[in-house]
Amino acid sequence: MTIMAYNLLKGKKGIIFGALDHKSIAWKVAEKAYEEGAVFTLTNTPTAMRFGEINELAEKCNAEIIPADATSIDDLENLIQKSMDILGGKLDFILHSIGMSMNVRKKRVYNDLNYDFFMKTLDISSISFHKLLQTCYKFDAINEWGSVVALSYIAAQRVLYGYNDMADAKALLESIARSFGYIYGREKKIRVNTISQSPTRTTAGSGVKGVEGLLDFTERMSPLGNANAEECANFTIVMFSDLSKKVTMQNIYHDGGFSSMGMSMRAMRQYNKSLDGVGEDDI
Ligand SMILES: NC(=O)c1ccc[n+]([C@@H]2O[C@H](COP(=O)([O-])OP(=O)(O)OC[C@H]3O[C@@H](n4cnc5c(N)ncnc54)[C@H](O)[C@@H]3O)[C@@H](O)[C@H]2O)c1
């Protein structure tokens, strides 16, 4: 579905982290931001860049790529300064779209975590957000009413089988958004929020244990159905725009209603199919 552009980000400058391939949520955000008139730099780790797809996005969006490991303060300083040089001034929006767990990758379950991996999960998926905000603060890199968004998941609030140490990472990420949002709001009128997105078919999403079953479950549970990556990008653009100026320190669910549900008719129907002797009429 193509949605017409509204020039919502006309004249705005930004940095977009986390576009790995065309499935990435950050990839869709970059496409939409470009359509809405923004100029921005793209960044990812040197390893992610070796996949090469980001060059295609950069060309399409007329954006420069600046490699950075989001856990490295040196890399972040270089990224922020170079971005301001390239874009010709301070930033108006930043997307943090980063997540990684070696425990998930190596199939270490939550009651058998490797603690070096756990620290890495937190550093990459959460503390990098603090490092980013603190570096921007130090360089006074964001304009008044600028908007910073990080992507989160409902496993921060509720237990979802298989999400592992990423649940703790998302809880910390959302807390950092609130804590820094207070300081940045008070002192610079800058907004910091997290968007809690439906499960989505991306490289990171596919790493979650039992993701196909989860996608089916959340689809059945959500009155509006799962939100896809493009829809997440549209909402992110609203959060970057001046239309959401007084929204800060929030974790906003972009999940088709899943977060407010306990049981739905569609999920109940499917569940009952597996119960011996219990038919639709017995409900
Ligand atoms: N896919 C889902 O189901 C889902 C649901 C809710 C939230 N999210 C969140 O959305 C965000 C984006 O994930 P995605 O689903 O688009 O998957 P993705 O795999 O396309 O993106 C994850 C990105 O993180 C980057 N990254 C990893 N380590 C990094 C580091 N040290 N420094 C900088 N970048 C690094 C990767 O290179 C990649 O581009 C993540 O925060 C993820 O947790 C995803």
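This report concerns the structure included in the present document. This one's a predicted model, so the numbers in the text were calculated from it and none came from an experiment. (Residues numbered from 1 in each chain as written. Predicted model: local features only at pLDDT ≥ 70, side-chain atom pairs only at ≥ 80, totals over all residues. Heavy atoms only, no water.)

### Details of the pattern of salt bridges
Then step 1. A complete count under the given rule lists 12 salt bridges for this structure.
Then step 2. Here E230 makes a salt bridge to K32, at a shortest N to O gap of 3.0 Å. Note that E230 is positioned in helix 10 (residues 229-240) and K32 in helix 1 (residues 25-35), a separation of 198 residues in sequence.
Then step 3. Measuring nitrogen to oxygen at the nearest pair gives 2.7 Å for the salt bridge that ties R201 to E212. In this pair, R201 is assigned in the loop between strand 5 (191-197) and helix 8 (203-206) and E212 in helix 9 (residues 211-221), connecting sequence segments 11 residues apart.
Then step 4. Relative accessible area serves as the criterion here: at 51%, R201 is assigned to the exposed category.
Then step 5. Given the relative accessible area of 46%, E212 is considered partly exposed.
Then step 6. When salt bridges with common partners are traced through the structure, they connect K90, D140 and K188 into a single cluster. (Salt bridge = Lys/Arg side-chain N within 4 Å of Asp/Glu carboxyl O. Helix = DSSP H or I, 4+ residues; strand = E, 2+ residues; numbered from the N terminus. Buried < 20%, exposed > 50% of the residue type's maximum accessible area, 1.4 Å probe, protein only.)

### Brief notes about helix 6 (residues 115-138)
Then step 1. The principal kink in helix 6, of about 50 degrees, is found at I127.
Then step 2. With its phi angle positive at about 45 degrees, D140 sits one or two positions after the end of helix 6. (Bend = angle between axes of the 7 residues up to and from the residue.)

### What to know about the state of the cysteines
Then step 1. One pass over the structure, following the stated rule, counts 0 disulfides.
Then step 2. Left without a disulfide partner, C61 is nearest to the cysteine sulfur of C232, which lies 16 Å away.
Then step 3. By relative accessible area, C61 is classed as buried at 5%. (Disulfide = S-S within 2.5 Å.)

### Some thoughts on the packing of aromatic side chains
Then step 1. Applying the stated criterion across every chain yields a total of 7 aromatic pairs.
Then step 2. Summarising the aromatic geometry, the rings of Y153 and Y163 are spaced 4.7 Å apart at their centres and angled 50 degrees between planes, so their arrangement reads as tilted. Of this pair, Y153 sits in the loop between strand 4 (142-152) and helix 7 (166-188) while Y163 sits in the loop between strand 4 and helix 7, and the two are 10 residues apart along the sequence.
Then step 3. On the accessibility criterion, Y153 (7% relative accessible area) is buried.
Then step 4. Residue classification places Y163 among the buried positions, given a relative accessible area of 11%.
Then step 5. Taken together, a centroid distance of 5.5 Å and an interplanar angle of 50 degrees make the contact between F180 and Y184 tilted. (Phe/Tyr/Trp six-rings, centres within 6.5 Å; stacked < 30°, edge-to-face > 60°.)

### What to know about the site of the ligand
Then step 1. By nearness alone, 26 residues border the ligand, and S24, N44, K170, T200 and T202 come closest of all.
Then step 2. Between the ligand and G18 there is a distance of 2.9 Å, counted from an oxygen atom to a backbone nitrogen or oxygen.
Then step 3. Surface burial for the ligand is 93%, taken as the share of its 830 Å² of free accessible area covered by protein chains.
Then step 4. Residue contributions to the shell around the ligand peak at 3 residues, all from helix 8.
Then step 5. Of the residues belonging to the shell around the ligand, the class tally is 11 nonpolar, 13 polar and 2 charged. (Near = heavy atom within 4 Å. Polar contact = N/O pair within 3.5 Å; in protein donor to acceptor, adjacent residues only side chain to side chain. Areas by Shrake-Rupley, 256 points an atom, 1.4 Å probe, with all protein chains shown as cover. Nonpolar A, V, L, I, M, F, W, Y, C, P; charged D, E, K, R; others polar.)

### Topic: the pairing of strand 4
Then step 1. Most of strand 4 sits inside the fold, with 8 of its 11 residues counted as buried.
Then step 2. Both strand 4 and strand 5 contribute to a ladder of 6 bridges, which runs parallel. Looking at the pairing, S152 lines up with S196 of strand 5. (Pairing = 2+ DSSP bridges.)

In short, shape yes, function no, at least from these values alone.
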